[in-house]
Amino acid sequence: MTDIFHEIEEDLRRDRLRKLWDRFGGVIIAACVLVILAAAGWSGYQYWRHEQAVKASEAYQSAVALFDAGKMQEAEAAFAAIAKSGPAGYRTLALFRAAAAATARDKAAGIAAFDAIAADNSVPPLARDLALVRSALLVVDTAGLPEVKQRIGGIANGTGPLRHSARETLALAELKAGDLAAANKTATDITTDSDTPPGVRSRAELIRRLTASATAPAGEAAAGTAPTQ
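Residues numbered from 1 in each chain as written. Predicted model: local features only at pLDDT ≥ 70, side-chain atom pairs only at ≥ 80, totals over all residues. Heavy atoms only, no water.

Visitor: Where do I start with the overall build of the protein chain in this structure?
Guide: Each helix and strand counted, the protein chain has 10 helices and zero strands in total. Moving toward the C terminus, one meets the helices and strands of the protein chain in the order α-α-α-α-α-α-α-α-α-α. A buried classification covers 31% of the 229 residues belonging to the protein chain. Of the contacts made within the protein chain by residues no fewer than 6 positions apart, 46% connect residues no fewer than 24 positions apart. As presented, the protein chain carries roughly 14,400 Å² of accessible surface, and 60% of it is formed by carbon and sulfur atoms. (Helix = DSSP H or I, 4+ residues; strand = E, 2+ residues; numbered from the N terminus. Buried < 20%, exposed > 50% of the residue type's maximum accessible area, 1.4 Å probe, protein only. Contact = heavy atoms within 4.5 Å. Areas by Shrake-Rupley, 256 points an atom, 1.4 Å probe, with all protein chains shown as cover.)

Here it is as structure tokens:
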């Protein structure tokens, strides 16, 4: 008697499964096909990305070799090509190397290249700030203090990791412009910042000492310059 009930139960189960398959079999097959296609597509995409990275790496090394050989114009063009079509990581590196190659060829071209990086919203914010610092450092030798401030004033007054380099560049520009009091203040800001790297701190301390007379009272400055008897 028990076997009969088991057979009936099995028949009912098979009947329910058959109905379910008749109703949803096509959907199940389609879902399986989609899963297989998605897995194959993802594997293909990963392989494509790997191949692109390998090609970009080889192209980048070739461009570096041109740069090291002093072929700046060819290096600049090679880096520009990588920046145009290479993966995101290589693109940012290539933009900076192209700007460095342009600088070695012509300082004005280098300034324009770094300014272009700083204005490119597809570049990470920290890299854009770095481009401004690099541009400002070049401007110190070619233009006036206002242009330097325009580029890095906000970075120098901020709390970001590039504030130290920006302040040092600003202090150099102020010193070159003859604004000793401003240079002394900027250098003091650098030396009193506990996070300032040692190298930047030591150079700022030198600027601070060179411009100390600009902050001394008039009587002390006169005494310091009076001839000895």
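Visitor: Teacher, can you tell me more about the pattern of salt bridges here?
Guide: Here the structure, examined in full by the defined rule, presents 12 salt bridges. The residue Glu147 makes a salt bridge to Arg151 at a minimum N-O spacing of 3.6 Å. Taken together, the residues span about one helical turn, with Glu147 and Arg151 both in helix α6 (residues 145–156) at a distance of four residues. With relative accessibility at 36%, the residue Glu147 sits in the partly exposed group. Here Glu168 ties to Arg203 by a salt bridge, and the two come within 2.3 Å at their closest N and O atoms. Of this pair, Glu168 sits in helix α7 (residues 163–177) while Arg203 sits in helix α9 (residues 198–210); the two residues are 35 residues apart in sequence, bridging distant segments of the chain. Residue classification places Glu168 among the buried positions, given a relative accessible area of 13%. A relative accessible area of 42% places Arg203 in the partly exposed class. (Salt bridge = Lys/Arg side-chain N within 4 Å of Asp/Glu carboxyl O.)

Visitor: Even after reading the chapter, I still don't get the side chain of Arg151, so can you show me in this structure?
Guide: Of the residues examined, Arg151 reaches a relative accessible area of 15% and is grouped as buried. Here the side chain of Arg151 touches Ser135 through a polar contact of 2.8 Å, side chain to side chain. (Polar contact = N/O pair within 3.5 Å; in protein donor to acceptor, adjacent residues only side chain to side chain.)

Visitor: What should I look at first to understand the packing of helix α5 (residues 125–142) against α6 in this one?
Guide: The description of two packed helices rests on the angle between their axes and on the distance between the axes. Taken N-terminus to C-terminus, the directions of α5 and α6 make an angle of 150°; their axes are 9 Å apart at the nearest point. Between α5 and α6 lies a crossing of left-handed hand. Here Asp129, Leu132, Val133, Ser135, Ala136, Val139 and Val140 of α5 lie close against α6, whose contacting residues are Glu147, Val148, Arg151, Ile152 and Ile155. Here the residues of the contact of α5 with α6 sort into eight nonpolar, one polar and three charged. (Axes fitted to C-alpha atoms, helices over the stretch in contact; angles between N-to-C directions. Left-handed = near helix turned anticlockwise from the far one by under 90°. Nonpolar A, V, L, I, M, F, W, Y, C, P; charged D, E, K, R; others polar.)

Visitor: Help me understand α9, please; the structure alone is not making it clear to me.
Guide: In an α-helix there are 3.6 residues to a turn, and that puts residues three or four apart on one side. When the terminal C-alpha atoms of α9 are compared, their 19 Å separation across 13 residues agrees well with the 18 Å that a helix rising 1.5 Å per residue should span. Against α7 and α8 (180–191) lie the buried residues of α9. (Expected span 1.5 Å × (residues − 1).)

Visitor: What should I look at first to understand the side chain of Glu205 in this one?
Guide: Its place among the elements puts Glu205 in helix α9. The class of Glu205 is buried, set by a relative accessible area of 19%.

Visitor: What is the right way to read the nonpolar core from this model?
Guide: Inside soluble globular proteins, nonpolar side chains tend to come together where they are buried. Phe67, Phe79, Phe114, Ile117, Val148 and Ile152 are the most contacted members of the largest nonpolar core, which has 37 residues in total. The set of elements that each furnish at least two residues to this core consists of α1 (2–68), α2 (72–85), α3 (88–105), α4 (107–118), α5, α6 and α7. With residues up to four places along the chain from it excluded, the contact list for Phe114 reads Phe96, Ala99, Ala100, Thr103, Ala131, Arg134, Ser135 and Leu138. Membership of the second largest hydrophobic core comes to seven residues, among which are Ala183, Ala187, Ala204 and Ile207. (Core = buried A, V, L, I, M, F, W, Y, C linked by side-chain atoms within 4.5 Å.)

Visitor: What is the right way to read the packing of α2 against α3 from this model?
Guide: For the pair α2 and α3, the least separation of the axes is 8 Å and the interaxial angle reads 160°. With respect to their mutual orientation, α2 and α3 come out roughly antiparallel. In the crossing of α2 with α3, the sense of the turn from one axis to the other is left-handed. Each of Met72, Gln73, Ala75, Glu76, Phe79, Ala80, Ile82 and Ala83 in α2 lies in contact with α3, whose residues at this interface are Tyr90, Arg91, Ala94, Leu95, Arg97, Ala98, Ala101, Ala102, Ala104 and Arg105. Split by residue class, the contact of α2 with α3 holds 13 nonpolar, one polar and four charged. (Parallel < 35°, antiparallel > 145°, perpendicular 65-115°, else oblique.)

Visitor: Would you mind showing me how to read the environment of Ala214 here?
Guide: Tracing the backbone through its elements, the reader meets Ala214 in the loop between α9 and α10 (218–225). Between the C-alpha atoms of Ala214 and Ala181, which are 33 residues apart in sequence, the distance is 5.2 Å.

Visitor: Mind showing me how you'd approach the environment of His164 here?
Guide: Mapping His164 onto the fold places it in helix α7. With 29 residues separating them along the chain, His164 and Asp193 place their C-alpha atoms 8.8 Å apart. Setting aside chain neighbours within four positions, we find His164 in contact with Asp193, Asp195, Thr196, Pro197 and Val200.

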